Amino acid sequence: MKFTENIETQYAEFRLKNYGPPDLTIVKGEGDYVWDDEDNQYLDFGTGIATASLGHCHPALVAAISKQAETLIHASNLYRMKPQGDLCEALVKLSGPGGLFFCNSGAEASETLIKLSRLYGIQKSGTENSASKVIVLDNGFHGRTFGGMSATPQAKIQKGFYPLLPSFPVGKLNDIESFASQVDEATAAILIEPIQGEGGIHVASVEFLRELRVLCDEKEILFMIDEVQTGVGRTGNFFAHEVAGIKADAIGMAKGLGGGFPIGAVWVAKKFEELFQPGSHGCTFGGNPMACVSALTVLETIEQENLLQRVRDLSEPWIQSLNELKDTHDSLVEVRGRGFLIGLDFKQDPSKIQAELQKRGLLTVRAGGNVVRLLPPLTVSESNLKRCVELIDDVLSQMEPAASTK
Ligand SMILES: *Cc1c(COP(=O)(O)O)cnc(C)c1O
């Protein structure tokens, strides 16, 4: 096949405009780094939006994917496949007694959770439709499909796509009363992120998570936790909600699970796993052996390299040095998050700061409000965590010379 040589032209002419035009062409990755088409090297603290949890092209992941590609690429859920069986078992060990469903993305994981809540509502009320409410968090994010979008109370996400699914009342972060006051006979579930990622790194307190668990138990509603961004070690626990010592009734996963290979998953606790019966849900590519060996490699590497402890140990001094930047830079208002899911909240739109960081070789991701997200690989080197702080310090000093001498 013959192609247009200029990639910008290709993107401008042949690609839909749902994304803003990218300003970098990435051609390869290794460990903490990616390279563009002019061979410039970047320290990647965006990791493909929190997906490349083992860094880029981790040798174990490359080996597992290559080997599986030579053996079986796809067969579908009409058949058993050992990698899927192994992944189910591994995730049950990490999540608790229950069962797994696999899909390809975070949005599909959210759809699965919402479908679970409907099935539960029918079981609870005895009729269709009467118990279909899912209370969600203000500023939350659960994906771009109709279910996920309806559960995402953000005008910038929903605008242009009405009518959405009804019955997603909104509660406030760390305000249990705002949830409790909305629970009624029609409520099937609560769905939240333990740390809001896209929304701007807003952390649900341990107390709030515990109060939600108690509320769900008292009112007999499902506590569904979206760990798509926070899960698989990113915050220093396998799941972010573990810090509260609580158990979810269902958990959505995706992003970091495959180390960059697309996979989504939903774990459902034993008590509720019978809700899905043959024919009630499905996904052609879900649990594909390529995706499953990728996820298994991520889980094995987390265990072998003791990555959860590593994230906890390395993130503490790193977050502290990021916080110290506030002393010398007025533009930085707050540092939020946990482990390797960190948001820098700026006084003003940080687009220029982000662009300047990129020029100096540090890739970051925007989040809601004036937040720049830092999402290093779980395997990031200690020296690169320091480098990240130096680069941010340099850029902020350059952009506000007066403030830097405060
Ligand atoms: C990214 C994200 C999603 C959507 O995942 P996709 O793979 O983009 O569909 C859902 N929930 C949360 C919390 C996310 O961060």
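Details of the structure are given in the entry above.
These remarks concern the structure in this document.

1. Looking at the overall build of the protein
Stage number 1. Assigned secondary structure in the protein consists of 14 helices and 17 strands.
Stage number 2. A compact globule built from 406 residues should have a C-alpha radius of gyration of about 22 Å, and the protein, at 21 Å, falls within 12% of that.
Stage number 3. Burial analysis of the protein (406 residues in total) assigns 51% to the buried set.
Stage number 4. In the protein, which carries 38 positive and 52 negative side-chain charges, the distance between the mean positions of the two groups comes to 3 Å.

2. Considerations on the pattern of salt bridges
Stage number 1. Per the stated rule, a full pass over the model turns up 14 salt bridges.
Stage number 2. For lysine 133, the salt bridge identified is with aspartate 184, shortest N-O distance 2.9 Å. Remark: aspartate 184 occurs in the loop between helix H8 (176-180) and strand E7 (187-192) and lysine 133 occurs in strand E5 (residues 133-137); sequence separation between them is 51 residues.
Stage number 3. Of the charged contacts in the structure, one is a salt bridge between aspartate 394 and arginine 360, with a shortest N-O distance of 3.7 Å.

3. As for the side chain of serine 150
Stage number 1. Examined against the element boundaries, serine 150 turns out to sit in helix H6 (residues 146-150).
Stage number 2. Within the structure, the side chain of serine 150 is placed 2.5 Å from the backbone oxygen of phenylalanine 146, a separation counted as a polar contact.
Stage number 3. Reaching out from serine 150, the side chain makes a polar contact with the backbone nitrogen of leucine 165 at a distance of 2.9 Å.
Stage number 4. Ignoring sequence-local partners within four residues, the contact set of serine 150 consists of Thr145, Gln158, Leu164, Leu165 and Phe168.

4. Some thoughts on the side chain of asparagine 288
Stage number 1. For asparagine 288, the position within the fold is in the loop between strand E12 (264-269) and helix H10 (289-304).
Stage number 2. At 3.0 Å, the side chain of asparagine 288 forms a polar contact with the side chain of histidine 74.
Stage number 3. With residues near it in sequence (within four places) discarded, asparagine 288 still touches Ile73 and His74.

5. Brief notes about the packing of aromatic side chains
Stage number 1. Taken as a whole, this structure holds 6 aromatic pairs when the rule is applied.
Stage number 2. Summarising the aromatic geometry, the rings of phenylalanine 179 and phenylalanine 208 are spaced 5.7 Å apart at their centres and angled 65° between planes, so their arrangement reads as edge-to-face. With phenylalanine 179 in helix H8 and phenylalanine 208 in helix H9 (residues 206-219), this pair connects stretches of sequence that are 29 residues apart. Of the two residues examined, phenylalanine 179 and phenylalanine 208, each falls in the buried class.
Stage number 3. Summarising the aromatic geometry, the rings of phenylalanine 238 and phenylalanine 239 are spaced 4.8 Å apart at their centres and angled 80° between planes, so their arrangement reads as edge-to-face. Per residue, the accessibility class of phenylalanine 238 equals that of phenylalanine 239, and both read buried.
Stage number 4. A connected cluster of aromatic rings, assembled from ring pairs, spans Phe45, Trp318 and Phe340.
Stage number 5. Note that lysine 28 overlies the ring of tryptophan 35, its terminal NZ or CZ placed 4.9 Å from the centroid.

6. Observations concerning the sheet that holds strand E15 (residues 362-363)
Stage number 1. Pairing is mixed in the open sheet, where 4 strands are placed in the order E1-E2-E3-E15. Strand pairing shows two members of the sheet lacking a second neighbour, strand E1 (26-30) and E15, which therefore form its edges.
Stage number 2. With 3 bridges connecting them, strand E2 (residues 33-36) and strand E3 (residues 41-44) associate as antiparallel partners. By the bridge assignment for E3, tyrosine 33 is matched with leucine 43.

7. Considering the site of the ligand
Stage number 1. Taken together, Ser105, Gly106, Ala107, Phe141, His142, Gly143, Glu193, Glu198, Asp226, Val228, Gln229 and Lys255 are the residues near the ligand.
Stage number 2. Measuring from an oxygen atom of the ligand, one finds a backbone N or O atom of glycine 106 at 2.8 Å.
Stage number 3. At 3.4 Å from a nitrogen atom of the ligand is found a main-chain nitrogen or oxygen belonging to phenylalanine 141.
Stage number 4. Starting from 380 Å² of accessible surface for the ligand in isolation, the protein chains cover 80%.
Stage number 5. A breakdown of the residues in the shell around the ligand according to their chemical character gives 3 nonpolar, 5 polar and 4 charged.

8. With respect to empty space enclosed by the protein
Stage number 1. Counted according to the given criterion, the structure contains 1 cavity of 30 Å³ or more.
Stage number 2. When its volume is computed, the largest cavity comes out at roughly 30 Å³.
Stage number 3. A breakdown of the residues in the lining of the largest cavity according to their chemical character gives 4 nonpolar, 5 polar and 2 charged.

9. Examining the pairing of E2
Stage number 1. Where E1 and E2 come together, 4 bridges link them in antiparallel fashion. Of the residues in E2, the one forming a bridge with glycine 29 is valine 34.
Stage number 2. The hairpin turn running from E1 into E2, its antiparallel successor, is 2 residues long, and glycine 31 in that turn takes a positive phi close to 60°.

10. Here's the deal with the packing of helix H4 (residues 82-95) against H10
Angle between the axes and distance between the axes: these two values describe a pair of packed helices.
Stage number 1. Axis separation between H4 and H10 bottoms out at 9 Å; the angle between their running directions is 40°. Handedness of the crossing formed by H4 with H10: left-handed. Two secondary-structure elements touch here, H4 through Pro83, Gln84, Asp86, Leu87, Ala90, Leu91 and Leu94 and H10 through Pro289, Cys292, Val293, Ala295, Leu296 and Leu299.
Stage number 2. Here the residues of the contact of H4 with H10 are counted per class, giving 11 nonpolar, 1 polar and 1 charged.

11. Here's the deal with the nonpolar core
Stage number 1. Residues Leu91, Ile190, Trp318, Leu322 and Ile392 are the most contacted members of the largest nonpolar core, which totals 90 residues.
Stage number 2. When near neighbours in sequence (up to four residues on either side) are disregarded, tryptophan 318 contacts Phe45, Gly339, Phe340, Ile342, Leu374, Pro376, Leu385, Cys388 and Val389.
Stage number 3. Ala50, Ile195, Val365 and Leu375 belong to the second-largest nonpolar core, a separate cluster that totals 8 residues.

12. As for the pairing of E12
Stage number 1. Most of E12 is tucked away, with 6 of its 6 residues classed as buried.
Stage number 2. Because side chains alternate across E12, one face comprises the buried residues Gly264, Val266 and Val268, and the other comprises Ala265, Trp267 and Ala269, equally buried.
Stage number 3. Here 6 bridges tie strand E4 (residues 98-103) to E12, and the two strands are oriented antiparallel to one another. Bridged to cysteine 103 within E12 is glycine 264.
Stage number 4. Where strand E11 (residues 250-253) meets E12, 4 bridges bridge the pair, whose relative direction is antiparallel. Within E12, the residue paired with isoleucine 251 across the bridge is tryptophan 267.

Conventions and cut-offs
Residues numbered from 1 in each chain as written. Predicted model: local features only at pLDDT ≥ 70, side-chain atom pairs only at ≥ 80, totals over all residues. Heavy atoms only, no water. Helix = DSSP H or I, 4+ residues; strand = E, 2+ residues; numbered from the N terminus. Rg over C-alpha atoms; globule rule 2.2 N^0.38 Å. Buried < 20%, exposed > 50% of the residue type's maximum accessible area, 1.4 Å probe, protein only. Lys, Arg positive; Asp, Glu negative; His and termini not counted. Charge placed at Lys NZ, Arg CZ, Asp CG, Glu CD. Salt bridge = Lys/Arg side-chain N within 4 Å of Asp/Glu carboxyl O. Polar contact = N/O pair within 3.5 Å; in protein donor to acceptor, adjacent residues only side chain to side chain. Contact = heavy atoms within 4.5 Å. Phe/Tyr/Trp six-rings, centres within 6.5 Å; stacked < 30°, edge-to-face > 60°. Lys NZ or Arg CZ within 6 Å of the ring centre and 35° of its normal. Pairing = 2+ DSSP bridges. Near = heavy atom within 4 Å. Areas by Shrake-Rupley, 256 points an atom, 1.4 Å probe, with all protein chains shown as cover. Nonpolar A, V, L, I, M, F, W, Y, C, P; charged D, E, K, R; others polar. 1 Å grid on protein atoms, 1.4 Å probe; cavity = no way out; pocket = protein on both sides within 12 Å on 5 of 7 lines; lining within 4 Å. Points joined across faces, edges and corners; volume = space filled by probe spheres on them. Axes fitted to C-alpha atoms, helices over the stretch in contact; angles between N-to-C directions. Left-handed = near helix turned anticlockwise from the far one by under 90°. Core = buried A, V, L, I, M, F, W, Y, C linked by side-chain atoms within 4.5 Å.

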